[in-house]
Amino acid sequence: MSKKRSDVISWDEFFMRVALAASMRSKDPNTQVGACIADTNHRILSVGYNGTPSALNDDDFPWGVSDDPLADKHSYVVHAEANAVLNYRGSLKDMSGATVYVTLFPCNECAKILAQVGIGEVVYLSDKYDGTEGNLISKRILTSCGIRFRGMELAER
Ligand SMILES: Nc1ccn([C@H]2C[C@H](O)[C@@H](COP(=O)(O)O)O2)c(=O)n1
Ligand SMILES: [Zn+2]
């Protein structure tokens, strides 16, 4: 009788790879972000990536950055974490204590949304905006709300 496989990927790696796969759907030429929300029973609740609202034709909107808010992508893009929360079709109560796996550390706006739906933990791959104003505010929000956060790395496969 053959033995079961023991070298399976961890839950952390599995959910982060789902988030990474979601990020590959992003049309943003500079920063592609994916998020995967998993509950305490290791079930995926929702997935999202950064993009314009689905009712909006993303060919008609800017993908660059500008001093003019009308011509700046940030004015039109919904963040990956926000989309993951908004895409969920179940009861928001299910998100209580859930973990969000995100390829980029959440901004302060997303931190508020994650706090409001009761997310318990944030696991992130990159923190490339570490130390910026928004990043510091985000960390203050998460810490004050008792939301744990930790970085992780993905091995090359
Ligand atoms: N936690 C985050 C942070 C940013 N995003 C999105 C918003 C933009 O599409 C892009 C950031 O663009 P950049 O300023 O780096 O050119 O990433 C997100 O979805 N989640
Ligand atoms: Zn955000």
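Before reading on, note that the structure itself is shown above.
Keep in mind it's a predicted model, so treat the numbers as computed, not measured. (Residues numbered from 1 in each chain as written. Chains lettered and ligands numbered in written order. Predicted model: local features only at pLDDT ≥ 70, side-chain atom pairs only at ≥ 80, totals over all residues. Heavy atoms only, no water.)

Novice: Where do I start with the nonpolar core in this structure?
Specialist: Most often, soluble globular proteins keep nonpolar side chains buried together rather than apart. Ranked by size, the top nonpolar core spans 23 residues in total, and within it Ile-37, Met-95, Val-100, Ile-119 and Val-122 carry the most contacts. At the level of secondary structure, the elements contributing two or more residues to this core comprise strand 1 (34-38), helix 2 (80-87), strand 3 (99-104), helix 3 (108-116), strand 4 (121-126) and helix 4 (133-144). Setting aside residues no more than four positions away along its own chain, Val-122 makes contact with Val-100, Val-102, Pro-106, Leu-114, Leu-142, Ile-147, Arg-148, Phe-149 and Arg-150. Formed by eight residues, the second largest nonpolar core is a distinct cluster that contains Phe-15, Met-16, Val-123 and Met-152. (Core = buried A, V, L, I, M, F, W, Y, C linked by side-chain atoms within 4.5 Å. Buried < 20%, exposed > 50% of the residue type's maximum accessible area, 1.4 Å probe, protein only. Helix = DSSP H or I, 4+ residues; strand = E, 2+ residues; numbered from the N terminus. Contact = heavy atoms within 4.5 Å.)

Novice: Hey, could you run me through the coordination of the zinc ion (ligand 2) in this one?
Specialist: Each pair of donors in an ideal four-coordinate tetrahedral metal site encloses 109.5 degrees, whereas pairs in an ideal six-coordinate octahedral site enclose 90 or 180 degrees. For the zinc ion (ligand 2), every protein donor is listed as His-79 (ND1), Cys-107 (SG) and Cys-110 (SG), and the spread of their distances is 2.0 to 2.2 Å. In the primary sequence, the donor residues of the zinc ion (ligand 2) line up as H-x27-C-x2-C. Exposure remark for Cys-110: the relative accessible area of 2% places this residue in the buried category. (Donors = N, O, S within 2.8 Å, 3.2 Å for Na, K, Ca; no water.)

Novice: Hey, could you run me through the layout of surface pockets in this one?
Specialist: Where empty space is left in the structure can be found by rolling a water-sized probe over the atoms. One number sums up the size of the largest pocket: a volume of about 470 Å³. Elements represented by at least two residues in the lining of the largest pocket include exactly helix 2 and helix 4. Looking at side-chain class alone, the lining of the largest pocket contains nine nonpolar, seven polar and four charged residues. In this structure, the second largest pocket is lined by 14 residues; those nearest its centre are Tyr-49, Thr-52, Pro-53, Ser-54 and Asn-83. When residues of the lining of the second largest pocket are traced back to their parent elements, those giving at least two are strand 2 (44-49) and helix 2. Looking at which element gives the most residues to the lining of the second largest pocket, the answer is helix 2, with three residues. Looking at the lining of the second largest pocket residue by residue, the classes come out as five nonpolar, six polar and three charged. (1 Å grid on protein atoms, 1.4 Å probe; cavity = no way out; pocket = protein on both sides within 12 Å on 5 of 7 lines; lining within 4 Å. Points joined across faces, edges and corners; volume = space filled by probe spheres on them. Nonpolar A, V, L, I, M, F, W, Y, C, P; charged D, E, K, R; others polar.)

Novice: Is there a simple way to think about the environment of Ser-66 in this case?
Specialist: In this structure, Ser-66 sits in the loop between strand 2 and helix 2. Overall, Ser-66 belongs to the partly exposed group, its relative accessible area being 27%. Sequence separation between Ser-66 and Asp-12 is 54 residues, and the spatial gap between their C-alpha atoms is 36 Å. Apart from the residues lying within four places of it in its own chain, the contact partners of Ser-66 are Ala-71 and Asp-72. A polar side-chain atom of Ser-66 sits 2.9 Å from the main-chain amide nitrogen of Asp-68. (Polar contact = N/O pair within 3.5 Å; in protein donor to acceptor, adjacent residues only side chain to side chain.)

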